[in-house]
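Spelled out, the chains give:
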Amino acid sequence: MENDKAAPASWHGAKMDFSQAMSYGDYLALDQILSAQHSRSPNPNEMLFIVQHQTSELWLKLMLHELHAVRAHMHAGDLPPAFKMLAREGFAIDAERLAGDWTVATTANESVKAAWLQVYQEPTRHWALYELAEKLVDLETAFRYWRFKHVTTVERVIGFKAGTGGTAGVSYLRKMLDVVLFPELFSLRTAL
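Just so it is clear, the model here is predicted, and its values are computed rather than measured.

(A) Highlighting the overall build of the protein. Helix and strand counts for the protein stand at 10 helices and zero strands. Element order for the protein, N to C, with α for helix and β for strand: α-α-α-α-α-α-α-α-α-α. Per-residue burial over the protein gives 23% buried out of 192 residues. The long-range share in the protein, meaning contacts at least 24 apart out of those at least 6 apart in sequence, stands at 52%.

(B) Molecular detail of the nonpolar core. Judged by nonpolar contacts, the single largest core of 15 residues is most densely connected at F91, W116, Y120, L129 and L185. Looking at this core, the elements that each hand over two or more residues are helix 7 (110–121) and helix 8 (127–158). What Y120 contacts, discounting residues up to four positions off in sequence, is Y130, A133, E134, V137, L185, L188, R189 and L192. In terms of nonpolar packing, the next biggest core, distinct from the first, is built from seven residues, F49, V151, V157 and I158 among them.

(C) Just unusual backbone geometry, in detail. Unlike most non-glycine residues, A29 shows phi in positive territory, near 55°. If you trace the backbone, A29 turns up in the loop between helix 2 (24–28) and helix 3 (30–34). The exposure class assigned to A29 is partly exposed, which follows from its relative accessible area of 24%.

What counts, and where the lines are drawn
- Position labels on residues start from 1 in each chain and follow its written sequence.
- Where totals are concerned, whole chains, interfaces and linings use all residues; where local detail is concerned, this predicted model gives features only for residues with pLDDT of at least 70, and gives and counts side-chain atom pairs only at 80 or more.
- Where side-chain values are given, they derive from all heavy atoms of the structure, hydrogens and water being excluded.
- In DSSP terms, a helix is any run of H or I states spanning at least four residues, a strand is any run of E spanning at least two, and both are numbered starting from the N terminus.
- Throughout this description, buried means an accessible area under 20% of the type-specific maximum (1.4 Å probe, protein chains only), exposed means over 50%, and partly exposed covers the range between.
- In what follows, a contact means two residues having at least one pair of non-hydrogen atoms within 4.5 Å.
- For the purposes of this section, nonpolar cores are sets of buried Ala, Val, Leu, Ile, Met, Phe, Trp, Tyr and Cys residues that join through side-chain atoms within 4.5 Å.

What follows is the structure, encoded as structure tokens:
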């Protein structure tokens, strides 16, 4: 006990003086992040709304960062980290699908569905692609859970008011629950 009072700077080996080095808070820019919540009403739930949405935006930023890294591996033909490039594994994918505009919502394509069906029918032969497919299904499932939690939180906090992004709010978010990121992977399950 006496040693703890005598040397608080070395208590449990924690570094307490960051005058000559970057601190944890500096590295993470905690002052900026923790001062970025500005309630605009007296509603006590508004802070929950702001923090949850800022957190969601950070998670989405991380997801995009990871997906960009995966895409770079795919373009380099480095399959083990990315697990993708179906058209490079010998499956016949429609040329129009491969040349499609990837900035618009995905619609199911029969050639992609047929390729995934082959993977699922012979998983040991196409193990890396099977593993990728299951990871994509996991990703979509997690994203669907997030969407549901998001719409529920918005309804709880602002009810049916217009959304802050200019949308119809809850009714718009409910429509987003039906958006499927990997339609072929979900529709092929009926054929299995």
